[in-house]
Amino acid sequence: MPDESAPGLAEPALVVLVGPSGAGKSTWAAAHYARGEIVSSDQLRGVVGTGPHDLDASADAFRLLEVILRSRLRRGLTTVVDTLGLDAARRREYLQVARVAGLRCAVVLFRTPVARCRSRNAARDVPVPAAVLTAQVRRLRQVEHEIAYEGWDLVVTVQEDVPAVATGAAARPDVVVPDGGLEFILQISRFPWGTDPAGWLAGMARAAAESGFAGVALMDHLIQIPQVGRAWDPIPEPWVTLGLLAGLDLGLKLGTLVSPVTFRPPGIVAKAAATLDVLSGGRAFCGLGAGWWDREHAGFGLPFPNAKKRLDDLESAIETIRALWSPGTKSHAGQRVQLPETTCYPRPIGRIPIIVGGGGERRTLRIAAMLADACNLSGSDEVLAHKIDVLRRHCRDVGRDSDEVAVTVLDLPILGSDREDVLHRIERLRGRRAAATLTGRAGTPDQQIVRYRRLADLGARTVFVSPEGLTGPDDVRLFDPVVRTFQA
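Just so we're clear, the structure is a prediction, and the values are computed from it rather than from any experiment. By convention here, each chain's residues receive numbers from 1 onward along its written sequence. For this predicted model, a pLDDT threshold of at least 70 governs which residues receive local features, and a threshold of 80 or more governs which side-chain atom pairs are given and counted, while totals over whole chains, interfaces and linings are taken from all residues. The side-chain figures draw on all heavy atoms in the structure; neither hydrogens nor water molecules are used.

This next bit is on the packing of aromatic side chains. Planes of paired rings set the category: under 30 degrees apart is stacked, over 60 is edge-to-face and the rest tilted, where pairs are Phe, Tyr or Trp rings (Trp by its six-membered ring) whose centres lie within 6.5 Å. Enumeration over the complete set of coordinates arrives at 9 aromatic pairs. Considering the side-chain rings of F184 and Y452, the 5.2 Å spacing of their centres and the 75° angle between planes classify their relative orientation as edge-to-face. Within this pair, whereas F184 is found in strand β7 (residues 183–188), its partner Y452 is found in helix α16 (residues 445–458), the two being separated by 268 residues in sequence. When sorted by exposure, F184 lands in the same class as Y452, which is buried. A helix here means a DSSP run of H or I that spans at least four residues, while a strand means a run of E at least two residues long, and both kinds are numbered starting from the N terminus. Burial classes: relative accessible area under 20% of the type maximum marks a residue as buried, over 50% as exposed, and values in between as partly exposed (1.4 Å probe, protein chains only).

Given below as structure tokens:
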């Protein structure tokens, strides 16, 4: 069964179906959306009347439909309105409610041959009178012109046996793979490994390699963060764990996203990353950040200086690490760091990419522009576009080509095999959060492909995928069609 939504429509959204009786609207809706997302006037007649064709119950059914519609849109939930859709006043009212809720809006227009509509109608237990169906078909011709001026983001035309065509500002472009492809790295941030930690980790890495992921990144925290799990959930020391994964010889890139400079002296990080690079055949990367969570520092007896000092330390750490990775054993006298020697063996096989994590516009992005190979960002499309622009301005200010600083994005998707699975996962994961806080990053493989196409268009080269609620290898394998779509 197809599991993609109206072509090109980012969600959550309002989707209004428009077509005469027998046009196939309900069948189309059931094939593209989950049952709970569809609000049908026929079904509601059955709730408040004797059945779906009880026209005496129509007024009550539509009042109930509007209550359900407003409630769902107010919560930011995708809602499909399965009625004739021929009433302009109702369409505009639905559109206004969705606009107030900040949702995207689409019309799906059914151009089913009249003969087929009549044939289906005649086969029903309670057919619509022929004259009424004729009036509906005539009305549809007027509706097509009205819709063009109502302000919908997307108009999808469905003609049976012909691929759906989408028009409007939100029409989905074909997925074009960027030059060099879009790289995906699995970030593991939670570790529900049961009684076999090493086996679970190996299974995750193998699933990532089999599904086309370019690498595996580990979150670096001393206590599990509240955004991911409970404080007593396991969270392993990352450099030790990455050594285990390197021994699997899966050809994956391996590194941290990101290691706070407050946890380890930079020389120790240089040593660990260089060793990992040698063990993995030159596939290590090193994510660095200023650190942010005071609790884990206090709990482990580590200093947690103010933000300025931590950012100063980030600059110094990058300089120290680079110096220790450089050829020879000479002394180093830099702007921030003085080292009497740089004897650090084994040396990395090649240049280990340093990724600076964080979006602070004044200092963090400037540090990335000056010293890093990449900058890892997160946020909505609008936030990312702004941060990328700031990063590029910093590159110009420090005299560096912005192409030398790759943009990577940390994404926390919720991926389901179909729409029912997506909704089930949202409900399981949201806890006390409003569902709307999750729906924008939740979807089927086709919907996630659209999301990642937008990230590529913004300039992202790598997506660190940290699936919310990750439990095991099967969750990783769901990403296979997504990842492979973007491979060059």
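And the narrative resumes.
Think of each axis as a best-fit line through the C-alpha atoms, taken over the contacting stretch in the case of a helix, with angles from 0 to 180 degrees between the N-to-C directions. For the pair helix α13 (residues 381–397) and α16, the least separation of the axes is 10 Å and the interaxial angle reads 20°. On the basis of their axis angle, the class for α13 and α16 is roughly parallel. With respect to the hand of their crossing, α13 and α16 are arranged in right-handed fashion. Counting all contacts with α13, which are made through D381, L384, A385, I388 and R392, the residues of α16 involved are R454, L455 and L458. Of the residues that constitute the contact of α13 with α16, the class distribution is 5 nonpolar, no polar and 3 charged. In this scheme, roughly parallel covers angles under 35 degrees and roughly antiparallel covers those over 145, while 65 to 115 is roughly perpendicular and the rest are oblique. Definitions for this section: a left-handed crossing has its near helix turned counterclockwise from the far helix by less than a right angle. A right-handed crossing has that turn clockwise. Every residue pair with non-hydrogen atoms within 4.5 Å of one another is taken to be in contact. By the convention adopted, Pro, Cys, Tyr, Trp, Phe, Met, Ile, Leu, Val and Ala count as nonpolar, Lys, Arg, Asp and Glu as charged, and the other residues, Gly among them, as polar.

Glancing now at the pairing of strand β5 (residues 154–159). By the criterion of burial, β5 is predominantly enclosed, with 5 of the 6 residues buried. Pairing between strand β4 (residues 104–110) and β5: 5 bridges, direction parallel. Its bridge partner being in β5, V107 is matched across the sheet by V155. For two strands to pair, DSSP has to find at least two bridges joining them.

The biggest cluster of nonpolar side chains holds 80 residues, and the ones touching the most others in it are F184, F213, W325 and Y452. Among the elements that make up this core, the one with the highest residue count is helix α11 (residues 307–325) (8 residues). Setting aside chain neighbours within four positions, we find W325 in contact with A270, A273, A274, C286, R347, P348, I352 and I354. Remark: nonpolar core denotes a set of buried residues (Ala, Val, Leu, Ile, Met, Phe, Trp, Tyr, Cys) joined through side-chain atoms within 4.5 Å. By size, the runner-up hydrophobic cluster in this structure holds 25 residues, among which are L65, L69, L73 and V97.

Below, the discussion takes up the confidence of the model for the protein. Scored between 0 and 100, pLDDT is the confidence that the predictor attaches to each residue. Counting all residues, the mean pLDDT for the protein is 92, and 94% of those residues have values of 70 or more. The low-confidence segment residues 171–177 (pLDDT under 50) makes 18 contacts with residues lying over four places distant or belonging to another chain.

Attention now moves to the sheet that holds strand β8 (residues 215–218). Read around the barrel, 8 strands follow the order β7-β8-β9-β10-β13-β14-β15-β18 and close on themselves; strand pairing throughout is parallel. Strand-to-strand twist in this sheet, taken as the mean axis angle between neighbours without regard to direction, amounts to 25°. In this sheet, strand β10 (residues 284–289) lies alongside strand β9 (residues 253–260) in parallel orientation, the contact comprising 5 bridges. When the sheet's bridge partners are listed, T256 is paired in β10 with C286. The sheet strands contacting α16 are β7, β15 (406–411) and β18 (460–465), and the helix crosses β18 at an angle near 140°.

When a carboxyl oxygen of Asp or Glu lies within 4 Å of a side-chain nitrogen of Lys or Arg, that pair is called a salt bridge. Scanning the model with the defined rule gives 39 salt bridges in all. Salt-bridge contacts for K253 lead to E183; the nearest nitrogen and oxygen are separated by 2.5 Å. One end of the pair, K253, is in strand β9; the other, E183, is in strand β7, with 70 residues separating them in the sequence. Since its relative accessible area comes to 34%, K253 is described here as partly exposed.

Another aspect to go through is the pairing of β15. Of all 6 residues in β15, 5 are buried; the element is thus mostly enclosed. Call a crossover right-handed when, viewed with both strands pointing away from you, the route from the first strand across the helix to the second goes clockwise. For the crossover that starts at strand β14 (residues 374–377), traverses α13 and ends in the parallel β15, the hand is right-handed. With 5 bridges connecting them, β15 and β18 associate as parallel partners. Across the sheet, T408 pairs through a bridge with T462, a residue of β18.

Before going further, it helps to examine the state of the cysteines. Note on disulfides: each one is a pair of cysteine sulfur atoms within 2.5 Å. On inspection of all chains with the given rule, the structure shows 0 disulfides. With no disulfide of its own, C286 has C344 as its nearest cysteine by sulfur position, at a separation of 12 Å. For C286, a relative accessible area of 0% puts it in the buried group.

Note the cis peptide between L257 and V258, where omega equals -15°. Tracing the backbone shows V258 in strand β9. With an omega dihedral of 10°, the bond running from Y345 to P346 counts as a cis peptide bond. For P346, the position within the fold is in the loop between β12 (338–339) and β13 (354–357).

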